[in-house]
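Tertiary structure, described
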Amino acid sequence: MHTALALSFLKPPKLSSCVNSKPTLHLSLSKPIKYYVSFPCFNTLICCSNPGFKVKAASVPESESEIEKTDLTHIARLAAMFGIWYFLNIYFNIINKQVLKVYPFPATLTALQFGCGTLMVSIMWTLNLYPRPKLSSSQYQVAVIIPLAVVHAMGNIFTNVSLGKVAVSFTHTIKAMEPFFTVLFAFLFLGEMPSLWVVCSLLPIVGGVALASFTETSFNWTGFFSAMASNVTNQSRNVVSKRFMVNKQEPLDNINLFSVITIISFILLAPTAIFLEGFNFTPSYFHSAAKSGLNVKELLIRGVISGICFHSYQQVSYMILEKVNPVTHAVGNCVKRVVVIVSSLIIFNTPISPLNLMGTTLAMAGVFLYSRAKRIKSNQKAS
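Because the structure is a prediction, the values reported are computed rather than measured.

**Comments concerning the side chain of Ser230**
By secondary structure assignment, the location of Ser230 is in helix 7 (residues 221-244). Accessibility expressed as a relative area gives 0% for Ser230, which makes it buried. At 2.7 Å, the side chain of Ser230 and the side chain of Thr159 are in polar contact. When near neighbours in sequence (up to four residues on either side) are disregarded, Ser230 contacts Gly155, Phe158, Thr159 and Lys175.

**Things to note about helix 5 (residues 178-190)**
Across its 13 residues, helix 5 extends 17 Å between first and last C-alpha, which sits within 8% of the 18 Å expected from 1.5 Å per residue. Looking one or two residues beyond helix 5, the residue adopting positive phi is Gly191, at roughly 70 degrees.

**What to know about empty space enclosed by the protein**
By rolling a water-sized probe across the atoms, one finds the places where empty space is left. On inspection of all chains with the given rule, the structure shows two cavities of 30 Å³ or more. Taken as a whole, the second largest cavity holds about 30 Å³ of empty space. Lining the second largest cavity are Ser169, Phe170, Thr173, Glu216, Ile341, Leu345, Ile352, Asn356 and Thr360. Elements with a minimum of two residues in the lining of the second largest cavity: helix 4 (168-174), helix 11 (326-347) and helix 12 (354-382).

**What about the packing of helix 8 (residues 254-277) against helix 10 (residues 296-321)?**
Packing of helix 8 against helix 10 brings their axes to within 9 Å, and their N-to-C directions diverge by 155 degrees. With respect to helix 10, the axis of helix 8 lies roughly antiparallel. For the pair helix 8 and helix 10, the crossing hand works out as right-handed. For the pair helix 8 and helix 10, the contacting residues are Asn254, Ile255, Phe258, Ser259 and Thr262 in the first and His311, Gln314, Gln315, Tyr318, Met319 and Leu321 in the second. Considering only residue class, the contact of helix 8 with helix 10 consists of five nonpolar, six polar and no charged.

**Section: the nonpolar core**
Residues Phe170, Ile174, Met177, Ile205, Met228 and Tyr370 are the most contacted members of the largest nonpolar core, which totals 25 residues. At the level of secondary structure, the elements contributing two or more residues to this core comprise helix 4, helix 5, helix 6 (196-214), helix 7, helix 11 and helix 12. Considering every element that reaches this core, the biggest residue donor is helix 12, with five residues. If sequence neighbours within four positions are ignored, Ile174 has contacts with Val209, Phe224, Ala227, Met228 and Asn231.

**Overview of the packing of aromatic side chains**
Counting across every chain of the model gives 18 aromatic pairs. The interplanar angle of 45 degrees and the centroid separation of 5.7 Å between the aromatic rings of Trp85 and Tyr86 together place this pair among those described as tilted. Exposure remark for Trp85: the relative accessible area of 1% places this residue in the buried category. Among the aromatic residues, those joined into a cluster by ring pairs are Phe170, Phe219, Trp221, Phe224 and Phe225.

Cut-offs used in this document
- Every chain's residues receive numbers from 1 upward, in the order its sequence appears when written.
- Reporting of local features is limited, given that this is a predicted model, to residues whose pLDDT is at least 70; pairs of side-chain atoms are given and counted only at 80 or more, and all residues count toward the totals for whole chains, interfaces and linings.
- Note: side-chain values were computed over all heavy atoms of the structure, leaving out hydrogens and water.
- Secondary structure elements are taken from DSSP: a helix is a run of H or I of four residues or more, a strand is a run of E of two residues or more, and numbering for both begins at the N terminus.
- Think of it in three bands: with a 1.4 Å probe and only protein chains considered, a residue is buried below 20% of the maximum accessible area for its type, exposed above 50%, and partly exposed in between.
- Polar contacts, as counted here, are pairs of nitrogen or oxygen atoms within 3.5 Å of one another; within protein the pair requires one atom able to donate a hydrogen and one able to accept it, and residues that are adjacent in sequence qualify only if both atoms are side-chain atoms.
- Residues count as neighbours in contact if any of their non-hydrogen atoms are within 4.5 Å of one another.
- Any helix carries an expected span of 1.5 Å times its number of residues minus one.
- Cavity and pocket criteria rest on a 1 Å grid covering protein atoms alone: a 1.4 Å probe that fits but cannot get out defines a cavity, protein on both sides within 12 Å along at least 5 of 7 lines defines an open pocket, and an atom within 4 Å of a point defines a lining residue.
- Grid points are joined across faces, edges and corners, and a volume is the space filled by probe spheres set on the points.
- Structural elements are reduced to axes, namely lines fitted to C-alpha atoms, with helices fitted over the stretch in contact, and the angle between N-to-C directions of any two is expressed from 0 to 180 degrees.
- We call two directions roughly parallel when the angle between them is under 35 degrees, roughly antiparallel when it is over 145, roughly perpendicular when it lies between 65 and 115, and oblique otherwise.
- What makes a crossing left-handed is the near helix being turned counterclockwise from the far one by less than a right angle; a clockwise turn instead makes it right-handed.
- The nonpolar class holds Ala, Val, Leu, Ile, Met, Phe, Trp, Tyr, Cys and Pro. Asp, Glu, Lys and Arg form the charged class, and all remaining residues, Gly among them, are polar.
- In this text, buried Ala, Val, Leu, Ile, Met, Phe, Trp, Tyr and Cys residues form a nonpolar core when linked through side-chain atoms within 4.5 Å.
- Within 6.5 Å between ring centres, the rings of Phe, Tyr and Trp (the latter by its six-membered ring) count as paired, and their orientation is classed by plane angle as stacked under 30 degrees, edge-to-face over 60, tilted in between.

Remember, this is a structural readout, not a statement about activity or role.
If you want it as structure tokens, here you go:
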């Protein structure tokens, strides 16, 4: 059995954003011997001729065939996770739209979806399918997590409002504006100056969304502003995370942080939905709904399915983020949005004009260019 050198740090760095991201050692046999340490989540590579690390022996595959087999297994696993992510997202948007057509209560439906997520998280922790988080006042103050939960809940309410008012394809075309608000808020609140390539990539995004909006047959101001508000709240959540989440010895990982935010969002949103829309699960409501030709049983089943898909696709998204770098994840998210738009156009037989199609395509191309520009920027920092 051959051996290779593996790192054991003298003093592990505090990397809260890289909880599950492991540094990788690359050994160059040229003289002098050089060690290259890569941190996947930062997309960086550090070269050390005489590193101050302790070393220990670790086994490696005995043949190149074992290495190739391991790589192929990893690629196949990632491909399966991306496929599940896309399928759940498509199914969620379709079911969600169908429910909102006959049940125009987006806050109540969002609360139901968070309720399903809370139940799934409870089962996951109870059955030890995933390690339960260790929360303490010294680790994650309530003042830090609650703002994240509030903007997370608001973002999903606004998305559901938009889906109920306009076509699924149009909602996701508007949500392609997320990179614009990411750059804007990072500049205003974090002082991060965007590169020229990033700024240039925003132009087709803004132009494409504007063109799609002007030519959208299902255009509705409520749906438009709700989707825009969803962009603002979602990107505000990212800014809050960057500004307030501090390094800790044992921070929450992405999946547990999302799980805790889901539970808090449900606790906050359930009474808010009742206050805004009333209690819509009474026998009298079901009786009136049945008179209007609404299949109540099917509505409830689809509502629960949308909640399961809602939590599951976001959970899978975080799992993927732990295995790939953020830029790769952003590219995958761009492709996912395209797949959702195309699928919704086919399933709902949504009419689309050539100019509208051009605007949507331009916006999606801008999002892809944005992800490429972010990769260039990260590579420049690494070098």
